[in-house]
Amino acid sequence: GGVFFSKLDAATAINFKSYQTSSENNTAAVGTMDTSAHIYEIIWDGATAYARFDGSLIASFASSLPTVVLTPSLNFRAGSAAANTGNLYWMRAFQAWS
């Protein structure tokens, strides 16, 4: 399972998705991939996963979410034989209790 942002090969659409037991349960359109720097955020409050893109709330999922421990990660694939570069300016993961 997982909760993540995704952009498929040969496509420019960015989506926010959740998978549980290898099944896609939720998806929401985020925007179009370009070469500018952007801020992608996933916020979990214990009941709902919120997706933010450049400071704007894009979507929230409260059902059919994975119930396993998840690990923050970055996966960048070129999708072709040509070399590509992805830059990560900063990344953080934290747990907030209310």
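Residues numbered from 1 in each chain as written. Predicted model: local features only at pLDDT ≥ 70, side-chain atom pairs only at ≥ 80, totals over all residues. Heavy atoms only, no water.

Draft legend 1. Here's a closer look at a nonpolar patch on the surface. Taken together, Ile39, Tyr89 and Trp90 make up a surface patch of nonpolar side chains, about 390 Å² in accessible area. Position of Tyr89 relative to the elements: it lies in the segment after β6 (56–61). The class for Tyr89 is exposed, based on a relative accessible area of 65%. (Patch = residues over 30% accessible without salt bridge, like charges linked within 9 Å, V, L, I, M, F, W, Y side chains within 5 Å. Areas by Shrake-Rupley, 256 points an atom, 1.4 Å probe, with all protein chains shown as cover. Salt bridge = Lys/Arg side-chain N within 4 Å of Asp/Glu carboxyl O. Helix = DSSP H or I, 4+ residues; strand = E, 2+ residues; numbered from the N terminus. Buried < 20%, exposed > 50% of the residue type's maximum accessible area, 1.4 Å probe, protein only.)

Draft legend 2. View of the sheet that holds strand β4 (residues 40–44). One open sheet holds the three strands; their spatial order is β4-β5-β6, and the pairing between them is antiparallel. The two strands at the open ends of the sheet, each matched to only one other strand, are β4 and β6. Strand-to-strand, the axes of this sheet are offset by a mean angle of 20 degrees, without reference to chain direction. The pairing of β4 with strand β5 (residues 49–53) spans five bridges and is antiparallel. (Pairing = 2+ DSSP bridges. Axes fitted to C-alpha atoms, helices over the stretch in contact; angles between N-to-C directions.)

Draft legend 3. Region of interest: the pattern of salt bridges. By the definition in use, this model includes two salt bridges. The closest approach of N and O atoms between Arg52 and Glu41, which form a salt bridge, is 3.7 Å. Of this pair, Arg52 sits in strand β5 while Glu41 sits in strand β4; the two residues are 11 residues apart in sequence, bridging distant segments of the chain. A residue is classified by how much of its surface remains accessible, and Arg52, at 25% relative accessible area, is partly exposed.

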